[in-house]
Amino acid sequence: MSFDYDLFVIGGGSGGVRAARLAASEAGARVGLAEEYRMGGTCVIRGCVPKKLMVFASGFAGAMQDARAYGWEVTTGGFDWTGFRTKLEAELSRLEGIYRTNLQKAGVEIFDSRATLADPHTVQLADGTRKTAKHVLIATGGRPFVPDFPGSEHVITSNEVFKLDALPGRVLIVGGGYIACEFACILNGLGVEVTQYYRGAQILRGFDEEARGHIAGAMQDNGIDLRLGTNVQRIDKTAEGLWVKSTDGHDAVYDAVLYATGRVPNTEGLGLAEAGVTLKGNGAVEVDAYSQSAIPSVYAVGDVTDRINLTPVAIREGAAFVETVFKGNPTKPDHDLVPGAVFTQPEFGTVGLSEEAARERGPIEVYATAFRPMQTGFAGREERVLMKLVVCAETRRVLGCHIVADGAGEMIQLAGIAIKMGATKEDFDRTVAVHPTMAEELVTMKAPVRTG
């Protein structure tokens, strides 16, 4: 059978773009790609990149306060949100252009259109045009989830926060995951009065308990009104703003309410189930270890599969798909020991098992220390950093590393290499410390603080 393309990719995010580009440039495949919004997907347009730039912006207020403690004469005004947003949008457009150019250079045919799956080998574009392909890759990512409740139509999500005409004076953030916590810290750093509701007992569910508590305390010390065990009952729009009735009786008015209560895979209306693709209960595409769906010709990578929802993982999955399907080299994406960072203030870097998860697998030793770092301590700040290693008591391998500190995201990348290689606690111990740094504590902790 003759097809228009060897591969058609639905979705122009990091995973889909990487797969399309490699299939075309390295495997010589005829590739088409459809993206209905902007090239680059969530990460580039409304996720990692703009968020990290906002993280940088939000950190300057504290940095300028520290500068005074170090002897600098510093005069500051207010934060110019409009100026920052204009420059931010220009940067995102620049990056979007790079994604598009790289696809075109590789020979990928781009369709600026929504695309749906008509059958296992046919994709239909928004104008009704149909394209056939030997293989179809679903890479449509995810979207923010907002529960249905009275007044839910008044809330915004992480998609809209980058496009606000003005920063709110008072904001309520609902959620306890990394997106909610990151935006609580960002907006707090930009001078917004921030309240955060989370219905659970502690933020950052699924991460190491000790690190979670450390971050929650730091957020509160920095001025965020964190209310645990609390949820929204209803929201009414009034002349003064958005009136929020809460489950803890702390009813208040806010200028904006940002919901960050999780994300769901973008599969609605794509025709996947109708074509025979199996979907999980949350709408994610069910795939095997090689990213293949129940339909042999249809694959999926990235957040739409709800495996590990991180941009670098989606990129690895896209590359593994090309190795498997177009290079004859069956390759499973490696989802083990993936380092990650949460860009709260301070940052949280983590790789491997939490203390709780490791304890369920067998006897462990925990090495941890919390201390005031030199730089901020000199400036008179009371914040403390956390360094933690979780070690298997039998093999001595380091099972997990958790860092809460400025620059933790940079540190955990390097620690992740050692842990991925199977480093033991003794490997850490015999590594000479870099002094004076915060990270030297990772190689100087000699006695465990807990065993079991």
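Residues numbered from 1 in each chain as written. Predicted model: local features only at pLDDT ≥ 70, side-chain atom pairs only at ≥ 80, totals over all residues. Heavy atoms only, no water.

Some points on a nonpolar patch on the surface
The grouping of F56, F60 and M64 at the surface amounts to a nonpolar patch, some 300 Å² of accessible area in total. Examined against the element boundaries, F60 turns out to sit in helix α3 (residues 48–69). (Patch = residues over 30% accessible without salt bridge, like charges linked within 9 Å, V, L, I, M, F, W, Y side chains within 5 Å. Areas by Shrake-Rupley, 256 points an atom, 1.4 Å probe, with all protein chains shown as cover. Salt bridge = Lys/Arg side-chain N within 4 Å of Asp/Glu carboxyl O. Helix = DSSP H or I, 4+ residues; strand = E, 2+ residues; numbered from the N terminus.)

Considering the sheet that holds strand β10 (residues 225–228)
Taking strand neighbours across the sheet as the criterion, the four strands line up as β10-β9-β8-β14 in an open arrangement whose pairing is parallel. The open sheet is flanked by β10 and β14 (256–259), the only strands paired with a single partner. Pairs of neighbouring strands in the sheet enclose a mean axial angle of 20°, with direction left out of account. Bridge analysis of strand β8 (residues 170–174) against β14 gives four bridges, and the strand direction is parallel. Residue pairing across strands places I173 opposite L258, the latter belonging to β14. (Pairing = 2+ DSSP bridges. Axes fitted to C-alpha atoms, helices over the stretch in contact; angles between N-to-C directions.)

A closer look at the layout of surface pockets
Roughly 1,200 Å³ of volume is contained in the second largest pocket. D66, T376, R381, E383 and D406 are, among the 42 residues lining the second largest pocket, the residues nearest its centre. Secondary structure elements with two or more residues in the lining of the second largest pocket: α3, α6 (178–189), α7 (209–221) and α11 (374–378). The element best represented in the lining of the second largest pocket is α3, accounting for eleven residues. (1 Å grid on protein atoms, 1.4 Å probe; cavity = no way out; pocket = protein on both sides within 12 Å on 5 of 7 lines; lining within 4 Å. Points joined across faces, edges and corners; volume = space filled by probe spheres on them.)

What about α7?
Here α7 spans 18 Å end to end across 13 residues, near enough to the 18 Å set by a 1.5 Å rise per residue. Restricting attention to buried positions, one finds in α7 the residues A211, R212, H214, I215, A216, A218 and M219. Two residues or fewer past α7, G223 is found with a positive phi of approximately 105°. (Expected span 1.5 Å × (residues − 1). Buried < 20%, exposed > 50% of the residue type's maximum accessible area, 1.4 Å probe, protein only.)

Focus: α6
Its twelve residues give α6 an end-to-end C-alpha distance of 16 Å, which sits within 8% of 16 Å, the value for a rise of 1.5 Å per residue. Counting buried residues along α6, eleven of its twelve residues qualify, which places the element largely inside the surrounding structure. Considered for burial, the residues of α6 that qualify are I179, A180, C181, E182, F183, A184, C185, I186, L187, N188 and G189. Downstream of α6 by one or two residues, G191 has phi in the positive range, about 100°.

Here we look at the sheet that holds strand β22 (residues 450–451)
A sheet is described by the order of its strands in space; here six strands give the open sequence β17-β18-β21-β20-β19-β22, paired in antiparallel fashion. Strands with a single pairing partner mark the edges of an open sheet, and in this sheet they are β17 (340–342) and β22. Examined bridge by bridge, strand β20 (residues 385–392) and strand β21 (residues 398–404) share six bridges and lie antiparallel to one another. Pairing of L386 across the sheet is with V404, part of β21. Strands β17, β18 (348–352), β20 and β21 of the sheet are contacted by helix α12 (residues 408–420), whose axis makes an angle of about 170° with β21. (Contact = heavy atoms within 4.5 Å.)

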